[in-house]
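Coordinate analysis (summary)
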Amino acid sequence: MTTTAARTAAASYSYEDLPALMARMTGDEKHGPAATSTLDVLWVLYDRVLRVTPDGVRDPERDRFLLSKGHGPMAYYAVLAAKGFVPVEWLPGFGSYDSPLGHHPDRVLVPGVEIASGSLGHGLPIAVGTALGLRAQGFAEPAVWTLIGDAELDEGSNHEAIAFAGPAALDRLHTVVVDNSSASHARPGGIAARFEAAGWSAATVDGRDHEALYAAFAAPHPGKPRVVVARVEPKNG
Amino acid sequence: MDTMRDRFAPVVSRLLDEDPRVAVVLAEIGRDRFVEAERRHPDRVINVGIREQLLIGTGAGLALTGMRPVMHTFASFLVERPFEQVKLDLGHQDVGGVLVSAAASFDWPSGGFTHMAPGDVALLDTLDGWTVHVPGHPDEAETLLRHAVGAGDDRVYVRLSVQSNKDALAVDGERFLTVREGRGGVVVAVGPMLDAVLAATEGLDVTVLYATTVRPFDAGALRRAAGAADASDVVIVEPYLAGTSTAAANDALADLPHRVLGLGVGRRELRRYGQIEEHVAAHGLDPASLRDRISGFLGGRARG
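The structure contained in this document is the topic of the report that follows. (Residues numbered from 1 in each chain as written. Chains lettered and ligands numbered in written order. Predicted model: local features only at pLDDT ≥ 70, side-chain atom pairs only at ≥ 80, totals over all residues. Heavy atoms only, no water.)

With that out of the way, let us pick up the overall build of chain A. Across its full length, chain A carries 9 helices and 5 strands. Tracing chain A from N to C terminus, the helices and strands come up as α-α-α-α-β-α-α-β-α-β-α-β-α-β. Compactness check: chain A gives a C-alpha radius of gyration of 17 Å against a globular reference of 18 Å for 237 residues, within 12% of the reference. Taking the principal axes of the C-alpha coordinates as reference, chain A spans close to 50 × 45 × 35 Å. Counting only contacts in chain A whose residues sit at least 6 apart along the sequence, the fraction spanning at least 24 positions is 78%. Taken as a whole, chain A presents about 9300 Å² of accessible surface, with 52% of it coming from carbon and sulfur. For chain A, the distance from the average position of its 20 positive side-chain charges to the average position of its 27 negative side-chain charges is 4 Å. (Helix = DSSP H or I, 4+ residues; strand = E, 2+ residues; numbered from the N terminus. Rg over C-alpha atoms; globule rule 2.2 N^0.38 Å. Contact = heavy atoms within 4.5 Å. Areas by Shrake-Rupley, 256 points an atom, 1.4 Å probe, with all protein chains shown as cover. Lys, Arg positive; Asp, Glu negative; His and termini not counted. Charge placed at Lys NZ, Arg CZ, Asp CG, Glu CD.)

Let us now look at the nonpolar core. Judged by nonpolar contacts, the single largest core of 78 residues is most densely connected at Leu 173 of chain A together with Tyr 157, Val 188 and Leu 222 of chain B. If you look at the next biggest cluster of nonpolar residues, it comprises 47 residues, including Leu 18, Tyr 46, Val 88 and Val 178 of chain A. (Core = buried A, V, L, I, M, F, W, Y, C linked by side-chain atoms within 4.5 Å. Buried < 20%, exposed > 50% of the residue type's maximum accessible area, 1.4 Å probe, protein only.)

A few words now on unusual backbone geometry. A cis amide bond links Arg 215 of chain B to the next residue, Pro 216 of chain B, at an omega of -5 degrees. Structurally, the position occupied by Pro 216 of chain B is in the loop between strand 10 (213–215) and helix 9 (219–228). Even without glycine at this site, Ser 181 of chain A takes up a positive phi of about 55 degrees. Relative to the helices and strands, Ser 181 of chain A is located in the loop between strand 3 (173–179) and helix 8 (191–197). Its relative accessible area of 44% is what places Ser 181 of chain A among the partly exposed residues.

The residue His 159 of chain A is located in helix 7 (residues 156–165) in this model. Apart from residues lying up to four places away in sequence, His 159 of chain A is in contact with Leu 153, Asp 154, Arg 187 and Arg 194 of chain A.

Residue and element names in this part refer to chain B. This structure, assessed with the given rule, holds 30 salt bridges over all chains. With a closest N to O distance of 2.7 Å, Asp 125 and Arg 215 form a salt bridge. Linking Asp 125 in the loop between helix 6 (120–124) and strand 5 (130–133) with Arg 215 in strand 10, this pair joins segments that are 90 residues apart in sequence. Between Asp 255 and Arg 223 there is a salt bridge whose closest N-O contact spans 2.8 Å. Of the two residues, Asp 255 is situated in the loop between helix 10 (246–252) and strand 12 (258–265) and Arg 223 in helix 9; the sequence distance between them amounts to 32 residues. It is possible to trace a salt-bridge network through shared partners that takes in Asp 2, Arg 7, Arg 14, Asp 139 and Glu 142. (Salt bridge = Lys/Arg side-chain N within 4 Å of Asp/Glu carboxyl O.)

Printed below as a string of structure tokens:
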């Protein structure tokens, strides 16, 4: 199937179709909880927030979405398929030798995927550089988004990025922390407080509530990077 | 004489003026020398603080937007500490960038092993697609820095050292140079090792090749030199971990009966402070030690 045909088909996909799209992917059940925890965040971003289309994946003015939480990318692939970035026919091959869709995504293989991820703690630092690069080239409009997990937040590389981005006033940078309480040592004072202490604008919302997510994503945050902590049911709950 | 590191900021500052794609990412080290460039290009001279993982991640993000990042700090913090970022944020993302290190293997012996990185090139050798420049003189450093930044979207490592040869040669960012010709064997001197190698081989009937770009390895030059000798005996003298380029030399000579000896910095931690010269001698890289080891390996043929 060509991507053009995929796009035509995509017009009929809605949020309700995502479980069926995800069901086409098998073989990574270990990452199941990680996959479903991001589903609503990803849908709201791609459906209502991100300014990027399958035709514009190389447009310098596009918004960037960097999936740092590369584990369990079924929800990500389902949303990319629903929005026409990849053919739905790719989904059943998930994880197989000939498939471009791995258990961790690869930007070189999948249209619309901005970074290859899987190893924790890389997305936010790269997002910082992406925001700096866009600013240096005079692109004032594109927003840079990255999605990380609450346990992924443990990685020190994220803290380097958080500590730098606030004082650097990277107001085109956005982070969504999907918090399914999977960190073994919870952050004292909560996740949002960590970001706020570094000069970020922060909000904590129900990660299954699409209107609450959208409101948090769309809220203005002049002069500051923005974090939205999206709380979902605990990983093993 | 100034050092290679003294050339870094002036050269890259000029490149910032000339090419709007170029950006410099620093982690405090070397920042003082970019004050003026930062004033002229506040968005393209970026100091992330003492955050070396972010140093590489930031460079990768810049590259993803189409820029040409130059990332700089001491070799231990540039290659070793954020090695996974070098591997994934640059290599696996399939983007390029220029890593420029200072301090080399033991430029600051009294600083101890925390600031020594003799294994940096060997570590990069575990990755695909890196160009590695090891200049032996500040003028060569200037040339190779320009090559590195101008090399499209390639991944390039430039290893700057206070160790230096007396005179610069006309390096081109690709080829080994033939400095001396003989029939008793081939000695490859890498970067700052050239003067010591020339002194060590004085009067010996050997070919001396000078390598300042070691990756890709100039297999053709080594094959020609080895093929012209009476026997394909090769000694590689490197200013970093001994044996780093031995595999590359073996590959270059795969279809010739040959022997290769790799000399360089020893693997065992020396655990000494002191002066550079004392470390050079301790690793057997002074001219007298090199002469013994080279002539011992090449045997009677080298004596001509």
